[in-house]
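Architecture and fold: a report
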Amino acid sequence: LDWCFEQQAVWCHKQQYAEICMLSNDAEDSCWIMVDSGAAVHACPLIWAPQANQQPVDRQLALKNASGDSVAHHGMKYVSLICEGDNTARVKFQVLDVTRPLLSVSELTNNDNEVVFTKAFSYIKKDNNSIAMVRRNGCFFVKAKLLNRNDHVTKQIMAMEDSDLPAQQTVE
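Residues numbered from 1 in each chain as written. Predicted model: local features only at pLDDT ≥ 70, side-chain atom pairs only at ≥ 80, totals over all residues. Heavy atoms only, no water.

This part is about the side chain of His73. Here His73 lies in strand β5 (residues 73–83). Among the polar contacts listed, one links the side chain of His73 to the backbone nitrogen of Leu61, at a separation of 3.0 Å. Within the structure, the side chain of His73 is placed 3.1 Å from the backbone oxygen of Gly75, a separation counted as a polar contact. Setting aside residues up to four positions removed in sequence, His73 forms contacts with Val57, Arg59, Gln60, Leu61, Gln94, Val95 and Leu96. (Helix = DSSP H or I, 4+ residues; strand = E, 2+ residues; numbered from the N terminus. Polar contact = N/O pair within 3.5 Å; in protein donor to acceptor, adjacent residues only side chain to side chain. Contact = heavy atoms within 4.5 Å.)

Attention now moves to the environment of Ile124. For Ile124, the position within the fold is in strand β9 (residues 122–126). Residues Ile124 and Glu114, spaced ten residues apart in sequence, show a C-alpha to C-alpha distance of 5.6 Å. Among residues more than four places away in sequence, those in contact with Ile124 are Val35, Leu108, Asn113, Glu114, Val115, Asn129, Ser130, Ile131, Met133 and Val142.

For the rest of this paragraph, the subject is the nonpolar core. Core analysis: the largest hydrophobic core is formed by 25 residues, its most contacted members being Ile33, Val35, Trp48, Val79, Leu81, Leu103 and Val142. For this core, the secondary structure elements donating two or more residues are β1 (30–36), β5, β6 (87–96), α2 (105–110), β10 (129–136) and β11 (139–146). Leu103 has contacts with Ile33, Met34, Val35, Asp36, His42, Val91, Phe93, Leu108 and Val142, leaving out every residue within four places of it along the chain. If you look at the next biggest cluster of nonpolar residues, it comprises 13 residues, including Trp32, Ala39, Leu102 and Cys139. (Core = buried A, V, L, I, M, F, W, Y, C linked by side-chain atoms within 4.5 Å. Buried < 20%, exposed > 50% of the residue type's maximum accessible area, 1.4 Å probe, protein only.)

So, on to the pairing of β6. Most of β6 is tucked away, with nine of its ten residues classed as buried. In this sheet, β6 lies alongside β5 in antiparallel orientation, the contact comprising ten bridges. Bridging from a neighbouring strand, His73 pairs with Leu96 of β6. Between β5 and β6, which follow one another and run antiparallel, lie three residues, and Gly85 among them has a positive phi close to 70 degrees. (Pairing = 2+ DSSP bridges.)

Attention now goes to the packing of aromatic side chains. In the structure shown here, the tally under the stated rule is three aromatic pairs. Judged by centre distance (4.7 Å) and plane angle (65 degrees), the rings of Phe117 and Phe140 are edge-to-face. Linking Phe117 in the loop between β8 (114–116) and β9 with Phe140 in strand β11, this pair joins segments that are 23 residues apart in sequence. The exposure class assigned to Phe140 is buried, which follows from its relative accessible area of 12%. Lying over the aromatic face of Tyr78, Arg90 brings its terminal NZ or CZ to 4.1 Å of the ring centre. (Phe/Tyr/Trp six-rings, centres within 6.5 Å; stacked < 30°, edge-to-face > 60°. Lys NZ or Arg CZ within 6 Å of the ring centre and 35° of its normal.)

Chain-level statistics for the protein chain give a pLDDT mean of 76 and a share of 69% at 70 or above. Taken as a whole, residues 1–27 scores under 50 in pLDDT and shows 39 contacts with residues more than four places along the chain or in a different chain. This stretch, residues 152–172, has a pLDDT under 50; its non-local contacts, to residues over four places away or in other chains, come to 48 contacts. (pLDDT = per-residue confidence, 0-100.)

Spelled out as structure tokens, the structure:
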């Protein structure tokens, strides 16, 4: 999160993220993921979601942060998540030199998800399934639980090829 802002806003944004993380006392495998309209790709840091194998990529992405500095691209990983309403998702994250995971609105909409931001209620919807977003200090987040490879749902998701996944289970 802090890679996108100038110095004064970096501190403010870190504080906001800390506040959103304190909204819940859930287990460590639950997390808040920012939904970012300015991000080109879904991104996560190297150390996030260790249960998902990091894979090399055929082509390095040339990405820059808001300051114009290059961001190192280390590979990609598919992360299995369970979100609100027991909606499952398998998200293709690019592993970058970032500090927190984020979902790209651009990638979500490119994959037929509807992303709606309103003052009253914000959500991500695909087919008949929706996931509510929480707005905190002008930023939007979804709450997700990282699934362990030993979880029954994760095994089912990982066993499927991408083309076999039902539409509501794939968020790329």
